[in-house]
Amino acid sequence: MANEFPFEISPMFEGERVRKDDMFVELAGPKSRGFELVRAAGVDEIEDGKFTLIGPDLSQMQEGSRHPYAMIYRVAGKLVETDLEAIVERRNHDFQNYIQGYMHLNQRYDVWVRINKDAIKKGLTSFGQIAKATMMLFKNELSFIEKIDATYITDPDEVEKRRAEAIKIYEARDARTRGLHDEDVDVFYGCTLCQSFAPTNACVVTPDRISLCGAINWFDGRAAAKVDPEGPQFAIPKGEVIDAIGGEYSGVNEKAVALSGGEYSRIKIHSFFEYPHTSCGCFEVVGFYIPEVDGIGWVDRDFTGIAPNGLAFSTMAGQTGGGKQIIGFLGVGVNYFRSPKFIQPDGGWKRVVWMPKNLKEKIKADIPPDLVDKLPTEENATDLKTLKEFLEKSQHPIMERWTKEEAAPEEEAPPEAQAAASPGWSMPSLSMPAGMPMMPMQFGSGDGGVKLKFKNAKIWIERIVFKKGK
Amino acid sequence: MKIIAITGKGGTGKTAVAGMLIRHISTKNKTILAIDADPDSNLPDVLGVKVEKTIGDMREFMLQERDKLPPDTNKESLLESKVYEVLCEMPRYDLLVMGRPEGSGCYCFANNLLRGIMDKILKNYDITVIDTAAGLEHLSRRIIRDVDELLVVTDGSRRGLQTAERIRELAKSLDLKIKQMHVVANKVTPQNQAQIEEYARELKMDLVGIVPFDEMLAKFDLEGRPLAELPEDSRAMIATAEIVKKMGL
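Here the structure is a predicted model, which means the values were calculated and not measured.

Side note on helix H9 (residues 235-246) of chain B
Working note: α-helix, 3.6 residues per turn, so residues spaced by three or four point in the same direction.
Residues and elements named next belong to chain B.
Here's step 1: For H9, with 12 residues, the first-to-last C-alpha span of 17 Å sits near the 16 Å given by 1.5 Å per residue.
Here's step 2: The complete set of buried residues in H9 reads Ala236, Met237, Ala239, Thr240 and Ile243. Viewed along the axis of H9, the buried residues span an arc of 160°, placing them on a single side of the element. Relative to its buried face, H9 has exposed residues pointing more than 90 degrees away, namely Lys245 and Lys246.
Here's step 3: In the core, the buried residues of H9 are packed alongside helix H1 (14-25), strand S7 (180-188), strand S8 (206-212) and helix H8 (215-223).
Here's step 4: Immediately downstream of H9, the backbone of Gly248 shows phi near 65°, a positive value.

As structure tokens, this is what we get:
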């Protein structure tokens with residue numbers, strides 16, 4: 001098949017770079033314009049293998065010149081649907097790089113192509129040859145494509161016109177992608193990139209939960225796992241849903257046992273208090289439970305001050321990281337604040353009682369509008385006293401929890417625990433949520449010492465380790 | 001495909017040696033990639049190239065932009081394109097500057113992508129010459145992997161050779177699997193040459209070349225002229241040609 005072309009076609013040419021010295025033409029790229037687009041079409045609309053060129057062909061181009069460049073494919077088949085367009089489109093990069101002497105970089109409206117002089121010398125004269133080879137690869141590799149045609153454009157005005165249309169298509173596609181949720185997929189992705197410093201940590205990345213370093217979303221996991229299934233990112237079949245709200249799945253639990261070396265066997269992806277996700281140490285933001293107001297504060301890596309609980313990011317990070325399930329602290333990526341499932345079993349945004357100003361500004365658009373002004377930052381609250389005052393004054397929804405606790409009859413009241421880690425000041429007693437294990441506490445911090453008061457509590461402790469601080 | 005890292009104590013003239021090596025090899029019919037992996041160095045100046053952006057800038061771009069990108073952006077392919085954007089394409093070689101170090105966030109994923117991209121890029125060149133600080137950053141993080149030969153530049157001082165000794169130990173402890181290590185003595189005068197050769201023998205270092213103190217090079221340095229303009233028949237360039245020959249480049 002391949003010998004009908006004046007160039008070789010093989011995955012071995014992937015990563016082959018066309019240097020400026022060796023370049024015949026440059027197409028699209030940072031100094032010009034272009035795009036690539038795949039559209040689904042009806043089987044009857046397409047004449048299989050047809051190629052159309054709008055604008056000058058390769059043979060009419062000057063050596064060393066640069067041109068706008070667009071590649072549009074239409075694909076059809078019984079199984080072809082609009083949702084597949086993006087996946088098919090991505091393969092244009094792979095297939096075109098199989099062509100010797102042809103370099104394809106980036107994607108969508110950022111494509112960047114170079115063709116080297118050797119390819120021209122060997123007989124490449126037309127974009128038709130490139131398009132035919134690419135279409136052949138599409139059909140060979142993606143068997144659900146029954147028919148395909150291609151339109152390439154090198155005419156500057158036509159590229160501009162069609163590019164504007166393409167951008168609308170990409171935007172519509174992005175809106176759909178952003179609407180993808182945990183329940184829409186069968187597979188999550190795991191990441192063990194950080195197991196070198198947190199050997200029992202396993203990051204679970206889902207459409208509604210970005211990796212806690214903020215770098216890997218579900219699509220990144222999918223892309224990486226496809227390239228190297230044995231690599232640091234890999235597929236985790238969801239299995240059965242155990243808790244839809246908390247985000248517990250049998251497949252994830254099975255993987256948790258294996259990845260943590262038996263350290264834990266259950267993970268609730270969206271839970272703060274129950275079987276929470278572990279943290280390697282790379283999290284962008286750490287959440288901390290504040291028992292005195294029964295709310296959760298968040299502090300990001302860039303905040304150098306002290307949170308209302310009297311602790312700095314670095315101190316809390318030290319407690320959170322290390323790949324253990326730590327109740328009371330949770331590491332997340334900034335983008336997790338945009339998740340519709342953001343700590344949903346724990347009350348979601350209503351449970352959020354503090355975050356630094358910069359972090360708040362960054363995600364302001366994603367905070368429920370009625371909460372924006374009720375959520376204090378370091379400008380409104382610097383310790384537990386000012387925090388509680390602000391929450392009361394602003395009528396923060398967390399107060400509903402306080403009244404509920406106070407109204408609860410004595411005999412049904414959950415075990416009460418009061419931890420006062422902040423020196424010299426203690427809150428009126430508020431109870432911890434029922435069944436909530438104790439949060440890790442700071443011993444010996446501050447000069448007020450430690451005050452612990454338990455009422456009607458059942459405490460079971462397997463092991464306590466005291467370490468002398470530096 | 002051969003990857004050579006050039007390192008040495010600050011002030012020994014390692015970047016000048018790197019520049020001269022690149023200059024000499026580029027006269028042969030070989031594709032060369034020059035990498036400036038030392039944030040303190042000025043390889044682009046030595047080569048007479050103006051560099052606007054670095055790999056570090058692009059890695060930072062990825063970190064800044066990642067939440068704004070379309071969710072299914074292929075980040076590897078995006079970063080690869082960004083790396084190609086900062087690659088300076090000179091008539092007979094390409095130059096890549098690693099630039100700014102990492103910030104406080106997590107760079108695991110970005111660096112992991114970068115590793116794969118660098119592996120792919122390096123395969124395109126007959127020879128890659130890396131100018132790197134004595135701490136061997138980027139090599140230690142395996143951003144640049146599989147370095148074949150390490151060339152340690154030293155001056156007329158014993159300390160320069162002691163640094164070479166330390167680098168040898170460091171390379172061993174980092175398990176860099178470097179096949180060969182050589183030493184180049186730079187700025188050598190007739191007065192200290194015998195002593196340097198003696199030190200090298202003591203430390204069992206392969207002294208692959210001696211670059212004599214060159215008035216012309218010193219003048220270029222003083223005036224800030226790129227060493228790429230040094231004539232082939234200058235003393236330093238003749239010595240460089242000798243090193244290239246001995247190393248079989």
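Additional details are given in the paragraphs that follow.
Some details on the domain arrangement of chain A
Here's step 1: Split into domains, chain A comes out as domain 1 (2-178) and domain 2 (184-394).
Here's step 2: One C-alpha centre belongs to domain 1 of chain A, the other to domain 2 of chain A, and the line joining them spans 40 Å.

Section: the nonpolar core
Here's step 1: Val286 of chain A together with Ala34 and Val129 of chain B are the most contacted members of the largest nonpolar core, which totals 183 residues.
Here's step 2: Residue contributions to this core peak at 9 residues, all from helix H5 (residues 108-122) of chain B.
Here's step 3: Taken together, domain 1 (2-178) and domain 2 (184-394) of chain A each give at least three residues to this core, which thus spans both.
Here's step 4: Sequence-distant contacts of Ala34 of chain B, defined by excluding residues within four places in its chain, comprise Ile22, Leu43, Leu47, Tyr93, Leu95 and Val129 of chain B.

With respect to the interface of chain A and chain B
In many reports, interface size means the accessible area that the parts give up when they come together.
Here's step 1: At the interface, 35 residues of chain A touch 28 residues of chain B.
Here's step 2: Among the elements of the structure, helix H1 (85-97), helix H4 (156-178) and helix H5 (218-227) of chain A are those that each provide at least two residues to the side of chain A that touches chain B.
Here's step 3: The biggest single contributor to the side of chain A that touches chain B is H4 of chain A, with 4 residues.
Here's step 4: Across the side of chain A that touches chain B, the residue classes tally to 15 nonpolar, 8 polar and 12 charged.

Thoughts on the environment of Ala215 of chain A
Here's step 1: Structurally, the position occupied by Ala215 of chain A is in the loop between strand S10 (203-205) and H5.
Here's step 2: Separated by 23 residues in the primary sequence, Ala215 of chain A and Thr192 of chain A place their C-alpha atoms 13 Å from one another.
Here's step 3: When residues no more than four places from it in sequence are discounted, the contact partners of Ala215 of chain A are Arg66, Cys106, Phe109 and Ala110 of chain B.

Notes on the pairing of strand S1 (residues 23-28) of chain A
Residues and elements named next belong to chain A.
Here's step 1: Of all 6 residues in S1, 5 are buried; the element is thus mostly enclosed.
Here's step 2: Relative to strand S7 (residues 112-116), S1 is paired through 5 bridges, and the arrangement is antiparallel. Bridge pairing in S7 places Met23 opposite Asn116.
Here's step 3: Examined bridge by bridge, S1 and strand S4 (residues 65-67) share 3 bridges and lie parallel to one another. Of the residues in S4, the one forming a bridge with Leu27 is His67.

Structural notes on helix H9 (residues 384-393) of chain A
Residues and elements named next belong to chain A.
Here's step 1: Those residues of H9 that fall on the buried side of the exposure criterion are Leu384, Leu387, Lys388, Phe390 and Leu391. In a view along the axis of H9, the buried residues occupy a sector of 165°, so they form one face of it.
Here's step 2: One or two steps after H9, the chain reaches Gln395, where phi turns positive at roughly 55°.

Some remarks on the environment of Pro68 of chain A
Here's step 1: With respect to the helices, strands and loops of the structure, Pro68 of chain A is situated in the loop between S4 and strand S5 (69-76).
Here's step 2: When neighbours within four sequence positions are excluded, Pro68 of chain A is seen to be in contact with Ala28, Ser32, Arg33, Gly34, Thr154, Pro156 and Val159 of chain A.

Rules of the game
- Residues numbered from 1 in each chain as written.
- Chains lettered and ligands numbered in written order.
- Predicted model: local features only at pLDDT ≥ 70, side-chain atom pairs only at ≥ 80, totals over all residues.
- Helix = DSSP H or I, 4+ residues; strand = E, 2+ residues; numbered from the N terminus.
- Expected span 1.5 Å × (residues − 1).
- Buried ≥ 20, exposed ≤ 12 C-beta atoms within 10 Å, placed from the backbone.
- Arc of directions from axis to C-beta.
- Contact = placed C-beta atoms within 7 Å.
- Domains from an automatic or database assignment.
- Core = buried A, V, L, I, M, F, W, Y, C linked by C-beta atoms within 7 Å.
- Nonpolar A, V, L, I, M, F, W, Y, C, P; charged D, E, K, R; others polar.
- Pairing = 2+ DSSP bridges.

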